[in-house]
Amino acid sequence: VVLLHAALAIARCVGHSVEDYSHWANVAGATVVALYDPTTGRFGNPGDWQAANSADAVAKLAVVNRSLIPIIREAFDKTVASAPVKGATPDNWGQGHDDVMWGAFAWLRANEVDPDLKYVQRAADYFEWIHANELAWVKSGQDSCTFGLNTSSSPISGVHSGPLVTGANFKNTVTNTQWFQLSIRLHPYASRLGKPVDYYMTFAKAAWSWLEGSHLHTSVGLWNDGVGGGGTTGCGNTHDVTFTYTQSIVLPALALFAESTGNATLLLQATTTVDAVIEFMSYDGKVLHEPEGKENGTETEGCDQFWGGPCRRWAIFKGIFMRNLADFIKALPAAAVKVGGGAAWTQKRTRYVEFVQTSAVSAWTRGVCPNGAGFSYDWSGSRKDFQLSCNSSDQWTNLPSSTSAALDLFDAAAQIPSK
């Protein structure tokens, strides 16, 4: 607590550099790592998808703090050795396809800082578990909302939120953008994983085709999350709330896909989304916030109404956004070279870096909990429930998740060069 407040006082007195952002990341990271349970190999909430996101954030921090690598190795070994839980995903990340893909992303990040094919293989194992589940949906005759994708020529016609046995006959943006990203990130490893060279790219192409056909990408560039249930209820856009993380997962996937295909339209799709987030989901274009129900005129609710809210319930989401935005910014130069029009993309990139940095400065100077217990979900320090969001006894407050999100933000600011 003393360290956190002392570091905050220093930050208010000096300018901000990569070293500052790295220091802030290490302070937030120390709080997250303190929540690590060596008996389970989990951060924060053992077994759930938010713990997987915390593992991803800690692995990202290990780029600049390599002393964390032994913890990452131990977390992997303990996680994959955990006893199976009936009805849960492999390695017990939750019950849904989205839950296990957060785990896949954490292991792929671990491979970036501690190269070892075991991490990639585990992510590929999760991929095949979902693939088998989708084949079961097709075989059952209950697959719906395929948007013109024929499974005789396309491997997947949109990914459901969970296996057939759960009855989760629902397809949405989050799960399908995760599938798109996982496919494109596994693509470079196809041969080493014993797959045909285009195996994962085929899935990536089908995933993007489904997303394009879903009409979940609105006219202003934001993504709603769900299509209407399938079956007799139809497959139209349900206009669910445009959470920050819903906008982000597709971004690095589009950059990598653009680099592979040379298709500039893919980058335009991504930048349209980021531009919309900055316009509709930030304070004065400088500090990210969750949606308030007025982003595109078609949403049914804001973050305070979704599943009864309140916004602080979704504390992890902005961190996921910043992590994916940072990955997109990092991938943008190579993609821009492939598609052409470099000057325009450079200008966009500069704007996005500034957005990350101004959000980070605000979170550090206004988002620290007064009791030094971590970081609020409110990076602006302006929301009426700021104090409550720092009270761990509140039923909707999740300080491990909000602090993990701040770590993602500071990781992003520290690790994306200004030029």
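Before any of the text, the structure's been laid out above.
Attention here is on the structure that accompanies the text. (Residues numbered from 1 in each chain as written. Predicted model: local features only at pLDDT ≥ 70, side-chain atom pairs only at ≥ 80, totals over all residues. Heavy atoms only, no water.)

### Looking at the overall build of the protein
We count it as follows: Segments assigned H or I by DSSP are reported as helices when at least four residues long, segments assigned E as strands when at least two residues long, and all are numbered from the N terminus. Atoms counted for the radius of gyration: C-alpha only. Globule rule: 2.2 Å times the number of residues to the power 0.38. For every residue, the accessible area obtained with a 1.4 Å probe (protein chains only) is divided by the maximum for its type, and the residue is called buried under 20%, exposed over 50%, and partly exposed between those limits. Where accessible areas are quoted, they stem from the Shrake-Rupley method and a 1.4 Å probe; at the residue level, only the protein chains shown are allowed to cover.
Across its full length, the protein carries 14 helices and 4 strands. Over its C-alpha trace the protein gives a radius of gyration of 20 Å, about what one expects of a compact globule, namely 22 Å for 419 residues. Oriented by its inertia axes, the alpha-carbon framework of the protein measures out at about 60 × 45 × 45 Å. Expressed as a percentage of its 419 residues, the buried residues of the protein come to 58%. As displayed, the protein has an accessible area near 15900 Å², and 55% of this comes from carbon and sulfur atoms.

### Describing helix α8 (residues 199–213)
Put simply, the rule reads: To estimate the expected span of a helix, count its residues, drop one, and scale the result by 1.5 Å.
Here α8 contains 15 residues, and its C-alpha end-to-end distance of 22 Å stays within 8% of the 21 Å for a straight helix at 1.5 Å per residue. Buried within α8 are the following residues: Tyr 199, Tyr 200, Met 201, Phe 203, Ala 204, Ala 206, Ala 207, Trp 208, Trp 210 and Leu 211. Just downstream of α8, His 215 is the residue with a positive phi angle, here 60°.

### A short note on the nonpolar core
Going by this rule: To form a nonpolar core, buried Ala, Val, Leu, Ile, Met, Phe, Trp, Tyr and Cys residues must be joined to one another through side-chain atoms within 4.5 Å. Note on contacts: a residue pair qualifies if any of its non-hydrogen atoms lie within 4.5 Å across the two residues.
Ranked by size, the top nonpolar core spans 125 residues in total, and within it Phe 180, Leu 186, Met 322, Leu 325 and Phe 410 carry the most contacts. Sequence-distant contacts of Leu 186, that is, excluding residues within four places in its chain, are made with Leu 108, Val 120, Ala 123, Ala 124, Phe 127, Leu 193 and Tyr 200.

### Focus: the state of the cysteines
Structurally, a disulfide amounts to a covalent bond that connects the sulfur atoms of two cysteines. What counts, and what does not: Cysteine sulfur atoms that pair up within 2.5 Å are treated as a disulfide.
Counting across every chain of the model gives 3 disulfides. Note that Cys 369 is cross-linked by a disulfide to Cys 390, the S-S spacing being 2.1 Å. Across the disulfide from Cys 369 to Cys 390, rotation about the S-S bond amounts to roughly -85°, and the bridge is consequently left-handed. Of this pair, Cys 369 sits in the loop between α13 (342–366) and α14 (399–415) while Cys 390 sits in the loop between α13 and α14, and the two are 21 residues apart along the sequence. Under the relative-accessibility criterion, Cys 369 is labelled buried at 0%. For Cys 390, a relative accessible area of 5% gives the class buried. When the bonded cysteines of the protein are numbered from the N-terminus onward, they pair as 1-2, 3-4, 5-6.

### Some thoughts on the packing of aromatic side chains
To keep it simple, the criterion reads: Pairing of aromatic rings covers Phe, Tyr and Trp, the last counted by its six-membered ring, and requires centre-to-centre distances within 6.5 Å; plane angles under 30 degrees mean stacked, over 60 mean edge-to-face, and any other angle means tilted.
For the structure on display, the rule yields 31 aromatic pairs. Seen from their ring centres, Phe 76 and Tyr 119 are 5.0 Å apart, and the 75° between their planes marks the pair as edge-to-face. Here the residue Phe 76 occupies a position in helix α4 (residues 69–80), and Tyr 119 occupies one in helix α6 (residues 117–140), the gap between them amounting to 43 residues. Accessibility classification places Phe 76 together with Tyr 119 in one group, the buried group.

### A word on the side chain of Asp 143
To keep it simple, the criterion reads: Between N or O atoms, a polar contact is any pair within 3.5 Å; within protein, one atom must be a potential hydrogen donor and the other a potential acceptor, and residues adjacent in sequence are included only when both atoms are from side chains.
Within the secondary structure layout, Asp 143 lies in the loop between α6 and α7 (173–186). Within the structure, the side chain of Asp 143 is placed 2.7 Å from the side chain of Ser 157, a separation counted as a polar contact. At a separation of 2.8 Å, a polar atom in the side chain of Asp 143 contacts the side chain of Lys 171.

### Comments concerning the environment of Leu 149
Mapped onto the elements of the fold, Leu 149 is located in the loop between α6 and α7. When its relative accessible area of 16% is taken as the criterion, Leu 149 is described as buried. When the C-alpha atoms of Leu 149 and Lys 118 are compared, they prove to be 33 Å apart, with 31 residues separating the residues in sequence.

### Quick look at unusual backbone geometry
Not every positive phi belongs to a glycine, and His 215 is a case in point at roughly 60°. In this structure, His 215 sits in the loop between α8 and α9 (244–248). Taking relative accessible area as the criterion, His 215 reaches 60% and is therefore assigned exposed. You will see that Asp 284, though not glycine, has its phi angle at about 55°, which is positive. Here Asp 284 lies in the loop between β3 (282–283) and β4 (287–288).

Function cannot be inferred from these measures alone, as they are strictly geometric.
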